[in-house]
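Chains, contacts and geometry: an overview
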Amino acid sequence: MRDYLIITVILASLPVGLFRPFYGLLVYAWISYMYPHELAWSFAQTFPVAKLSAFSVMGGMLLSAEGNFAAVRQRENIWMLLLWVAFTVSSLFAINQIPAWNKWQDVSKLIVMSVFASMLLRDRKRVRYFLKVIALSLGFYGFKGGLFGLATRGQQMVQGPGTSIISANNSLGLALNMCLPLLWYLAAEETGWRRRVLQLMFWLTIPAIMFTYSRGSALAMAVLLLVIMLKSKHRLMCIVAVLVIGILAIPFIPQKWLDRQKTVLTYEADGSAMSRIDNWKFCWTIAQTYPLTGAGFLFQNREIFAKYAPDFLIKYGGKVWDTHNIFLGILTSHGFPGLTMFLLMIACCLMGAGRLKRRVRSRPDLGWISNYAEMIQLSLLAFLLNGLFVNMEYYDLPYHWVAVIASLKVIAKRELSETETDRVYFSDSPVAAAVY
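Here is what the cut-offs are and how they apply
Residues numbered from 1 in each chain as written. Predicted model: local features only at pLDDT ≥ 70, side-chain atom pairs only at ≥ 80, totals over all residues. Heavy atoms only, no water. Helix = DSSP H or I, 4+ residues; strand = E, 2+ residues; numbered from the N terminus. Rg over C-alpha atoms; globule rule 2.2 N^0.38 Å. Buried < 20%, exposed > 50% of the residue type's maximum accessible area, 1.4 Å probe, protein only. Contact = heavy atoms within 4.5 Å. Areas by Shrake-Rupley, 256 points an atom, 1.4 Å probe, with all protein chains shown as cover. Salt bridge = Lys/Arg side-chain N within 4 Å of Asp/Glu carboxyl O. Phe/Tyr/Trp six-rings, centres within 6.5 Å; stacked < 30°, edge-to-face > 60°. Core = buried A, V, L, I, M, F, W, Y, C linked by side-chain atoms within 4.5 Å. Axes fitted to C-alpha atoms, helices over the stretch in contact; angles between N-to-C directions. Parallel < 35°, antiparallel > 145°, perpendicular 65-115°, else oblique. Nonpolar A, V, L, I, M, F, W, Y, C, P; charged D, E, K, R; others polar. Expected span 1.5 Å × (residues − 1). pLDDT = per-residue confidence, 0-100. Patch = residues over 30% accessible without salt bridge, like charges linked within 9 Å, V, L, I, M, F, W, Y side chains within 5 Å. Left-handed = near helix turned anticlockwise from the far one by under 90°.

**With respect to the overall build of the protein chain**
- A tally of regular secondary structure across the protein chain gives 18 helices and zero strands.
- For the protein chain, the C-alpha radius of gyration of 23 Å lies close to 22 Å, the compact-globule estimate for 436 residues.
- Burial analysis of the protein chain (436 residues in total) assigns 53% to the buried set.
- Excluding contacts between residues fewer than 6 apart, the proportion of contacts in the protein chain whose partners are at least 24 apart in sequence is 79%.
- Total accessible area computed for the protein chain in this model is approximately 20,300 Å², and 67% of it derives from carbon and sulfur atoms.

**Focus: the pattern of salt bridges**
- On inspection of all chains with the given rule, the structure shows nine salt bridges.
- Two residues, Lys231 and Glu374, come together in a salt bridge whose shortest N-O distance is 3.7 Å. With Lys231 in helix H9 (residues 215-231) and Glu374 in helix H16 (residues 367-386), the pair connects residues that are 143 residues apart, well separated along the chain.
- When its relative accessible area of 39% is taken as the criterion, Lys231 is described as partly exposed.
- A relative accessible area of 15% places Glu374 in the buried class.
- Counted as one network, the salt bridges with shared partners bring together Arg124, Arg128, Lys132, Glu189 and Glu190.

**Observations concerning the packing of aromatic side chains**
- In the structure shown here, the tally under the stated rule is 19 aromatic pairs.
- Seen in terms of ring centroids, Phe87 and Tyr394 are 5.8 Å apart; in terms of plane orientation they differ by 75 degrees. Their pairing is edge-to-face. Here Tyr394 lies in the loop between H16 and helix H17 (396-428) and Phe87 lies in helix H4 (residues 75-92), a separation of 307 residues in the sequence.
- Among the residues examined, Phe87 registers a relative accessible area of 0% and is labelled buried.
- Where Phe305 meets Phe312, the ring centres are 5.3 Å apart and the plane angle is 40 degrees; that geometry is what we call tilted. For the pair Phe305 and Phe312, one class covers both residues: buried.
- Among the aromatic side chains, those forming a connected cluster through ring pairs are Phe282, Phe299, Phe305 and Phe312.

**Thoughts on the nonpolar core**
- Counting 122 residues, the largest nonpolar core has Phe87, Phe342, Tyr395 and Trp401 as the members making the most contacts within it.
- When residues of this core are assigned to their parent elements, the largest contribution, 13 residues, is made by helix H7 (residues 169-188).
- What Phe342 contacts, discounting residues up to four positions off in sequence, is Leu83, Ile326, Phe327, Ile330, Phe383, Glu393 and Tyr399.

**A few points about the packing of H4 against helix H15 (residues 326-359)**
- As a packed pair, H4 and H15 sit with axes 9 Å apart at the nearest point and diverge in direction by 170 degrees. Considering the angle they form, H4 stands roughly antiparallel to H15. On H15, the residues that touch Arg75, Glu76, Trp79, Met80, Leu82, Leu83, Ala86, Phe87 and Ser90 of H4 are Ile330, Ser333, His334, Gly338, Met341, Phe342, Leu344, Met345, Cys348, Cys349, Gly352 and Arg355.
- Looking at the contact of H4 with H15 residue by residue, the classes come out as 13 nonpolar, five polar and three charged.

**Brief notes about the environment of Ala406**
- Examined against the element boundaries, Ala406 turns out to sit in helix H17.
- Of the residues examined, Ala406 reaches a relative accessible area of 0% and is grouped as buried.
- In this structure, the C-alpha to C-alpha distance between Ala406 and Ala71, residues 335 residues apart in sequence, is 5.3 Å.
- When near neighbours in sequence (up to four residues on either side) are disregarded, Ala406 contacts Ala71, Gln74, Glu76, Asn77 and Ser118.

**Quick notes on the side chain of Ser53**
- Following the sequence through the fold, Ser53 ends up in helix H3 (residues 49-63).
- Judged by its relative accessible area of 3%, Ser53 falls in the buried class.
- Those residues in contact with Ser53 that lie beyond four places of it in its chain are Leu14, Gly24, Val27, Tyr28 and Ile31.

**Description of H4**
- Here H4 contains 18 residues, and its C-alpha end-to-end distance of 26 Å stays within 8% of the 26 Å for a straight helix at 1.5 Å per residue.
- Along H4, the positions that sit buried rather than exposed are Glu76, Asn77, Met80, Leu83, Ala86, Phe87, Thr88, Ser90 and Ser91.

**Side note on the confidence of the model for the protein chain**
- Summing up the model confidence of the protein chain, the mean pLDDT is 88 and the portion of residues at 70 or higher is 93%.
- Low confidence marks residues 429-436, where pLDDT is under 50. Its contacts with residues over four positions away, or in another chain, come to three contacts.

**What about a nonpolar patch on the surface?**
- Nonpolar side chains collect at one region of the surface, where Ile78, Leu82, Val85, Val89, Leu92 and Phe93 lie side by side and expose about 500 Å² of accessible area between them.
- Along the chain, Val85 turns up in helix H4.

**Comments concerning the packing of helix H2 (residues 21-34) against H3**
- At their nearest, the axes of H2 and H3 sit 9 Å apart, and the two run at 160 degrees to each other. When the interaxial angle is binned, H2 and H3 end up roughly antiparallel. In this structure, H2 meets H3 at a crossing whose hand is left-handed. Facing Pro21, Gly24, Leu25, Val27, Tyr28 and Ile31 of H2, the residues of H3 in contact are Val49, Ala50, Ser53, Ala54, Val57, Gly60 and Met61.

**Examining unusual backbone geometry**
- In this structure, Leu298 is a non-glycine residue whose phi angle is positive, near 50 degrees.
- You can see Leu298 is positioned in the loop between helix H12 (271-289) and helix H13 (302-308).
- Given the relative accessible area of 44%, Leu298 is considered partly exposed.
- Residue His324 is not a glycine yet carries a positive backbone phi of 55 degrees.
- By secondary structure assignment, the location of His324 is in the loop between helix H14 (310-315) and H15.

**Quick notes on the environment of His400**
- For His400, the location among the structural elements is in helix H17.
- With 289 residues separating them in the primary sequence, His400 and Ile111 have C-alpha atoms 8.5 Å apart.
- Sequence-distant contacts of His400, defined by excluding residues within four places in its chain, comprise Tyr28, Tyr33, Ser114 and Phe130.

Written out as C-alpha cells, the structure reads:
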C-alpha cells in the first residue's frame, strides 16, 4: 500500500513540473533529500522517481520562459560547468568505461538540475521554499534518528534510508551536519509551531549525528556547533546551555561510543583508521599516474589495487576501499584539473556569500539575504570538514548551494539597483526640488 501511495503522489506531480517548473523543482528536492521511495517496502524502492521528476522540470523549462539566465552567468555556475567538463574528459579516458559513463549520467543530471535551480530561484519566496523543503527533508532523518538514538540509549547505530547516497552512517552524518545550519537559521525567521518544529529537528539532529558512530561527523559537528553558537545573538546563553546539556548527558552516553571516539587519539592502533591512511597513499599514487584526466568515475577494483597497491590487498584481506575523502575522491577520479575546478567552485561560493553579506549590510530589508548566505557558508564548512573522512563529493547539496548563491547574487543586484534608481528618480523630480 505504501509503495502505491508514494508512486501515485510522485507520478501526479510530474505534470505540475511541465507547467510550473518551480514546483516540479520542489518535488525533485524532496525526492533527492528525503528519498520517500526508500521508505517503501517493494517496487517503489527501485522506481526511477528522481529521474522522472528531473525530466519533468527539464521539459517545463523548455516549454516555458520562466528561467533567469543571469544566474547561469555567475562565476559559481561557470566553475560548476567547467567541473562538469572535467568529469566528461575523465570519463572519456576512464579505466572502467561502462561504470564511469553510468555514473557520469547521474552526476550530469545533478549539475543540470542545479543550473535549472539557479534559473528558477528568482525571489525571496522561491528561495525560502526551496531551502525549507531541503531542511525538512533532511531534518526528518535528524528527527527520526535522534528519537531512535535516545530510545535505544545509543546502543544501535543510526543509518540512512535504503540504498540512497546517505544510507551509510558516515554519509548520513555528513548530510545531517550540512542540515544543522539550515534548521537553525530557518527557525530564526519562523514563528509559532513552524519555529518549534524546526528547533525540535535541530536539537534531535545532534544525537542523531552522534549515534551514527561516525568519528568524522562527531568532530565536524563539534566545530560547527561552536561556530553557530558564536555567531548567535545570544551566544553566551547558547554556549552555557550546550555545556550544561553536554555535562548532564555524559552519564547516559554508552561506553562503546566513547571508546570509538577515543580511537581518534590512538589511530595507529585502529585498523579502520589505518586502512584509510593506507588507502589515501594508494589514491596519491593513482593521482600521480593519471594527473591530467584522473582514473575516471568508479575506478576502484581489485585489478587496480593489485597493480598499484598489492600490499593493501594482502594487508586488508583483499578488500577494495573507496577514497573516504571528497578531495582525494575528485583528484583520483578527475585529476588535478578536476580538483582545481572543484575547489574553485566551493571557494567562489564561500567568497560570494561573504560579498553578499557585505553588500546588504546597510539594508535591513535585505537582511534575509545575509542570513541565507551565512547559513550556506556554515553548511559548506560542515561539508569540507566532514568530507575529509567520507566520500560525498557527488552529493546534491553542495551543488545546490552553487545555485542558491548564484540566485542570491542576482536578486541582491536587482534589489539594490532598483533602490538606487528610485533614489535618483526622486532626487531629480520637481517635487523633490521643491522640498529641498
